[in-house]
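# Notes for the structure review
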Amino acid sequence: MSVAPYAVQTATARGRLHAEAESPSRSPWQRDRDRVLHSAGFRTLQYKTQVFVNHQGDFFRTRLTHSLEVAQIARSIARSLSVDEDLTETLALAHDLGHTPFGHAGEDALAAAMRDWGGFDHNTQTLRQVTKLERRYFDFDGLNLTWETLEGLIKHNGPVDHPTGYVARYADGLGLDLSSYASVEAQIAAMADDIAYHAHDLDDGMRAGLLDLADLADLPVVGAALALVRERAGGVAMSGDVAEETHLQDRMRHETIRRVINALAVDLTEQTRRNLAELAPRSADDVRAAAMPVVAYSPDMARDNGAIRTFLYARMYRHWRVNRMTRKARIAVESIFSILADDISLLPDGWRQEARATDAMGARRIVADYIAGMTDRFAMEEHRRLTDLSVAG
C-alpha cells in the first residue's frame, strides 16, 4: 500500500542496531511485528492485569486483549490517514511489554522499591524487554527492532524531558533526539491506547457491577451513545423473561461501547487530517520537528475525553473493591522485592548468577526485571513460595 509523504517510508528506514539481511517477503515493520508477537514478553500479557487481576474473571480484559484492541483501532486509523499500518500495529502490540503483574499497582510498588536504585517505569521496562531481556537469537540480546519502532516505543507519548539512564544511553546509541515528537504512526498508537482503555474499562466496570448503564447517562460522548441505544432498545419487544432482559442489557452495553469507540476514533481521525493539512509535512521528519503532536482530538472531544477519564478514576479505579485488590497487589510485590533484594541467593538459576556478577544497584535492577516479567498468577505463587512455610520453595 502506498503511504502519504508524511508517513514513515521503507526506502528511508534507518535500519537496526545489529545489521541483518532484510526479509525478501516482509517489510522491516512486518518483521518487527512478528518478532513482538513471538516474544516471551508478549505471551505473558495474557495473564497480566489491565484493571482486574486475572483470577477475578475470565471475561475481563488483560494486557494481552487490551493490546490486541489497541492494535485493531490503531491500524484502522493508520489506514484512514495513509500511513504505515504495520509499524503502527507493531507499536500498539508492543507498547505494554514492560508492564508489571497487577497493573499500575505492581508498577507503583516497584517504582517505590527502586526509588534509590535508578527508578522503575513501564515505558523504560518495555525498552529493556525488547533490547535486552528477550534472549532468542545467537547474535544479540533483545529483538533487534528497527530504529523507527524503537523511536515509537520511546517517544509515543511525546518528547522525553527527563529520560531514565537506560533510555538516555540507548537513545544516544541510536542517534535519537528525545526532544522531538515521534512519527505519525507512533502518535496514532498512543491515542488508540487512550481510546481502547477508556472504552473497555467502562465495559469491564459494568461487567464487574461497579458501574451501571444509568451511571453513564450524563457522561459526555458516552451519554449520547447510550441515548441512541436506549431509543433503539425501546423498540425491542420483550416477553418479561429475566434471562431475556439480561441479554438485552448485555446488548445495550456492547452497542454503547462500540459507539463510544467509533465517536472517539472518528473525531481523532478528522482532527488529525486538519492538523496535517495545516502543517503540510513533506516527510516524517517534518512531523517529528512540529511544535505539537499532529495526532489529536478536537478541542471539544479532548475536553469530553478528559471528563471520561475523571469519571473512571472517581467511580472505578478508586472503587473500594479495586482499592482492596490494589493494596494486596502492592503488598505482594513489595514483599517479593524486599526478600529477593535482601538475599539474592533466593533467585532462580540464571537470575541468581547474573545478580552475583554485578554490584548492589545492578542486583536490584535484576530483581526488578525478574518481578516485572511475572504474570499475576506467577507473582501470587512466588509470594506464597517466599512467605508461606506450607508451600514448597
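Keep in mind that what you see is a predicted model, and the values were worked out from it rather than measured. (Residues numbered from 1 in each chain as written. Predicted model: local features only at pLDDT ≥ 70, side-chain atom pairs only at ≥ 80, totals over all residues. Heavy atoms only, no water.)

### Examining the nonpolar core
With 83 residues, the main nonpolar core has Ile 77, Val 184, Ile 188, Ile 195, Leu 202 and Leu 216 as its most contacted residues. Sorting elements by how many residues they give to this core places helix α9 (residues 184-207) first, with 11 residues. Excluding its chain neighbours within four sequence positions, the residues that come into contact with Leu 216 are Leu 202, Met 206, Val 222, Gly 223, Leu 226 and Phe 311. (Core = buried A, V, L, I, M, F, W, Y, C linked by side-chain atoms within 4.5 Å. Buried < 20%, exposed > 50% of the residue type's maximum accessible area, 1.4 Å probe, protein only. Helix = DSSP H or I, 4+ residues; strand = E, 2+ residues; numbered from the N terminus. Contact = heavy atoms within 4.5 Å.)

### Describing the packing of aromatic side chains
Counted under the stated rule, the structure contains five aromatic pairs. Aromatic rings pair up to connect Trp 351, Tyr 370 and Phe 378 into one cluster. Above the face of the Tyr 47 ring, Arg 377 is positioned so that its terminal group lies 4.2 Å from the ring centre. The aromatic ring of Phe 378 is capped on one face by Arg 385, whose charged end is 5.0 Å from the ring centroid. (Phe/Tyr/Trp six-rings, centres within 6.5 Å; stacked < 30°, edge-to-face > 60°. Lys NZ or Arg CZ within 6 Å of the ring centre and 35° of its normal.)

### Topic: the UniProt feature "domain: HD" (unreviewed entry) in the chain
As annotated in UniProt, the feature "domain: HD" (unreviewed entry) corresponds to residues 63-198 in the numbering used here. Strand forms 0% of residues 63-198 and helix 62%; the C-alpha atoms that close the span are 14 Å apart. (UniProt positions renumbered as here; feature names shortened; annotations may be inferred.)

### A look at the pattern of salt bridges
In total, this model carries 34 salt bridges according to the counting rule given. Between Arg 75 and Glu 89 there is a salt bridge; the shortest N-O distance is 2.4 Å. With Arg 75 in helix α3 (residues 63-80) and Glu 89 in helix α4 (residues 85-94), this residue pair connects regions lying 14 residues apart in the sequence. Under the relative-accessibility criterion, Glu 89 is labelled buried at 16%. Residues Glu 151 and Lys 155 are paired through a salt bridge, measuring 3.6 Å at the closest nitrogen-oxygen approach. Of the two residues, Glu 151 and Lys 155 are both situated in helix α7 (residues 147-155); the distance of four residues between them amounts to about one turn of the helix. Comparing Glu 151 with Lys 155 shows no difference in burial state: the two are buried. Each of Arg 26, Arg 33, Asp 34, Arg 75, Arg 79, Glu 85, Asp 86 and Glu 89 takes part in one network of salt bridges that share partners. (Salt bridge = Lys/Arg side-chain N within 4 Å of Asp/Glu carboxyl O.)

### Considerations on unusual backbone geometry
Here the phi dihedral of Phe 102 falls at roughly 65 degrees; this positive angle occurs in a residue that is not glycine. Note that Phe 102 resides in the loop between α4 and α5 (103-113). Backbone geometry places Asn 144, a non-glycine residue, at a positive phi of 50 degrees. Structurally, the position occupied by Asn 144 is in the loop between α6 (122-133) and α7.

### Here's the deal with the packing of α6 against α7
Put simply, α6 and α7 touch, their axes get as near as 9 Å, and they point 160 degrees apart. With respect to α7, the element α6 is oriented roughly antiparallel. As α6 packs across α7, the resulting crossing turns out to be left-handed. Every residue of α7 that contacts α6 at Thr 126, Leu 127, Val 130 and Thr 131 is listed here: Leu 150, Leu 153 and Ile 154. A per-class count over the contact of α6 with α7 returns five nonpolar, two polar and no charged. (Axes fitted to C-alpha atoms, helices over the stretch in contact; angles between N-to-C directions. Parallel < 35°, antiparallel > 145°, perpendicular 65-115°, else oblique. Left-handed = near helix turned anticlockwise from the far one by under 90°. Nonpolar A, V, L, I, M, F, W, Y, C, P; charged D, E, K, R; others polar.)

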